[in-house]
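Chain by chain, the residues run as shown.
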Amino acid sequence: MKRIGVLTSGGDAPGMNAAVRAVVRGAIFNEMQVYGIFDGYEGLMNGEIEELGRSSVSDIIHRGGTILRSSRSPKFKTPEGTRRAIEQAEKFGLEGIVVIGGDGSFRGSVNLLRGGIVTVGVPGTIDNDLGYTDETIGFDTAVNTVVSLLGNIRDTTIAHGCATVVEVMGRNCGDIALRAGLAAGAESILIPEVPYDIDAICDKMIAGKKRGKHHSIIMKAEGVDIPTPELAHLLEERTGIKTRTVIPAYIQRGGSPTAFDRLLASRLGYKAVELLRDDVRGVAVGVRGEEIIVKDIEEAIDSKNKPDLKNIELASILSI
Ligand code: ADP
Ligand code: F6P
């Protein structure tokens with residue numbers, strides 16, 4: 001393959017820029033032409049496509065967001081949208097496209113593949129909800145951002161002797177809540193994959209207070225099926241302990257990527273280029289331990305992430 005495109009799609013994630021840089025520089029190193037597709041699938045349908053050179057990606061390895069911008073594009077999901085996207089890819093002579101995004105973006109790439117455009121998926125989402133890879137690009141940064149915020153939240157929670165419910169992102173996946181909750185020493189962690197027990201959370205809050213503890217942090221993933229204000233109200237009513245809420249929302253998606261995410265993005269972005277160079281069709285790249293892995297894209301989409309049971313147990317042991 002000699003001419004490829006690269007796009008970022010879905011929720012942006014810190015490290016997407018490092019991945020774009022790796023794709024562009026990797027393609028040039030392999031004597032391929034590389035085109036940036038702006039605004040994800042929306043831009044592909046509209047032909048927002050331009051050739052990138054080695055200096056187009058200068059000074060971006062440390063930046064959050066994505067220089068190619070991103071979008072959620074319901075139109076692309078329609079047969080008409082997919083047809084327009086394929087037409088534009090053909091017009092620009094793109095033989096393959098590196099799709100950097102989450103499971104939704106990977107599903108979109110399958111539609112392109114069926115229309116004859118070769119794609120390689122690079123997992124970029126803070127949610128870490130793709131089970132075939134240990135980590136997705138952006139997850140580590142989001143966890144570190146939440147851990148840092150929890151330091152501030154703990155200070156003010158202690159000062160007022162109260163409790164705080166912190167709601168973090170992760171549509172259907174509790175990994176940010178679990179990893180950050182463990183790292184920050186949260187008293188309770190609620191994730192969508194495991195049923196929660198209100199009585200147990202209340203008992204822990206009351207027991208802590210009796211021992212002279214001045215705070216309780218309850219970490220909740222957004223996918224848990226009780227609205228955060230309702231949960232806080234319920235806890236306060238049952239325990240008599242004032243319970244606040246904090247929802248950091250998009251703050252978790254921005255910020256400079258950690259070294260881990262920059263490395264992951266650089267390795268996976270370059271591997272995606274090698275696969276297109278060698279005309280490999282319909283795959284996604286990921287990591288298992290130290291190894292880069294290549295997975296059939298449909299299998300990658302179907303491999304739902306499972307929470308680490310050992311971490312769930314550890315969180316419960318350490319928060320007695
Ligand atoms: P993420 O990639 O972060 O999971 P989304 O789920 O929003 O984010 O997906 C990004 C985009 O991928 C969507 O806006 C849409 O254009 C495309 N997409 C998502 N799901 C599908 C699908 N089932 N078929 C085709 N395209 C899809
Ligand atoms: O990027 C994934 C995600 O962060 C989810 O955790 C969350 O549900 C979603 O994005 C919200 O983002 P948006 O408002 O862009 O749809």
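Residues numbered from 1 in each chain as written. Chains lettered and ligands numbered in written order. Predicted model: local features only at pLDDT ≥ 70, side-chain atom pairs only at ≥ 80, totals over all residues. Heavy atoms only, no water.

J.: Sorry if this is basic, but what is going on with the site of ligand 1 here?
T.: Within the structure, ligand 1 sits among 16 residues, and R72, S73, G102, G104 and S105 are positioned closest to it. With respect to ligand 1, the side chain of D103 contributes an N or O atom lying 3.0 Å from an oxygen atom. At a separation of 3.2 Å, an oxygen atom of ligand 1 approaches a polar side-chain atom of R171. Of the residues forming the shell around ligand 1, the biggest block, six residues, is contributed by helix α4 (residues 103-114). (Near = heavy atom within 4 Å. Polar contact = N/O pair within 3.5 Å; in protein donor to acceptor, adjacent residues only side chain to side chain. Helix = DSSP H or I, 4+ residues; strand = E, 2+ residues; numbered from the N terminus.)

J.: Looking at this structure, how should I read the nonpolar core?
T.: Considering soluble globular proteins, one finds that nonpolar side chains tend to be buried as a cluster. By size, the foremost hydrophobic cluster in this structure holds 67 residues, and its most contacted members are I4 and M219. Beyond its immediate chain neighbours, meaning those up to four positions away, I4 contacts V23, A27, M32, Q33, V34, Y35, L94, G96, V273 and L276. Counting residues in each nonpolar core, the second largest holds 17 residues, with L7, I49, V99 and L112 among its members. (Core = buried A, V, L, I, M, F, W, Y, C linked by side-chain atoms within 4.5 Å. Buried < 20%, exposed > 50% of the residue type's maximum accessible area, 1.4 Å probe, protein only. Contact = heavy atoms within 4.5 Å.)

J.: Teacher, can you tell me more about the site of ligand 2 here?
T.: Around ligand 2, the structure places G11, R72, I126, D127, M169, G170, R171, E222, Y250 and R253. Contact between ligand 2 and D127: an oxygen atom at 2.9 Å from a side-chain N or O atom of the residue. One of the backbone N or O atoms of R171 is found 3.3 Å from an oxygen atom in ligand 2. Split by residue class, the shell around ligand 2 holds three nonpolar, two polar and five charged. (Nonpolar A, V, L, I, M, F, W, Y, C, P; charged D, E, K, R; others polar.)

J.: Can you walk me through the environment of G254 in this structure?
T.: Tracing the backbone through its elements, the reader meets G254 in the loop between β9 (243-246) and α9 (259-277). Assessed through its relative accessible area of 27%, G254 is described here as partly exposed. Along the sequence, G254 and T141 sit 113 residues apart, while their C-alpha atoms lie 8.8 Å from each other. Discounting chain neighbours no more than four positions away, the residues touching G254 are P14 and T145.

J.: When you look at the environment of A232 in this model, what are you seeing that I'm missing?
T.: Mapped onto the elements, A232 comes out in helix α8 (residues 228-239). Judged by relative accessible area, which is 4%, A232 ranks as buried. The residues contacting A232, other than those within four sequence positions of it, are V165, T243, R244 and T245.

J.: What should I look at first to understand the packing of aromatic side chains in this one?
T.: A ring pair, where both rings are aromatic, is described by two values, the distance of the centres and the angle of the planes. Summed over the entire model, instances satisfying the criterion amount to one aromatic pair. Ring geometry for Y41 against F76: centres 4.0 Å apart, planes inclined by 5°, an arrangement best described as stacked. Taken together, the residues span a long stretch of sequence, with Y41 in helix α2 (residues 40-46) and F76 in the loop between β3 (49-51) and α3 (79-91) at a distance of 35 residues. When its relative accessible area of 3% is taken as the criterion, F76 is described as buried. (Phe/Tyr/Trp six-rings, centres within 6.5 Å; stacked < 30°, edge-to-face > 60°.)

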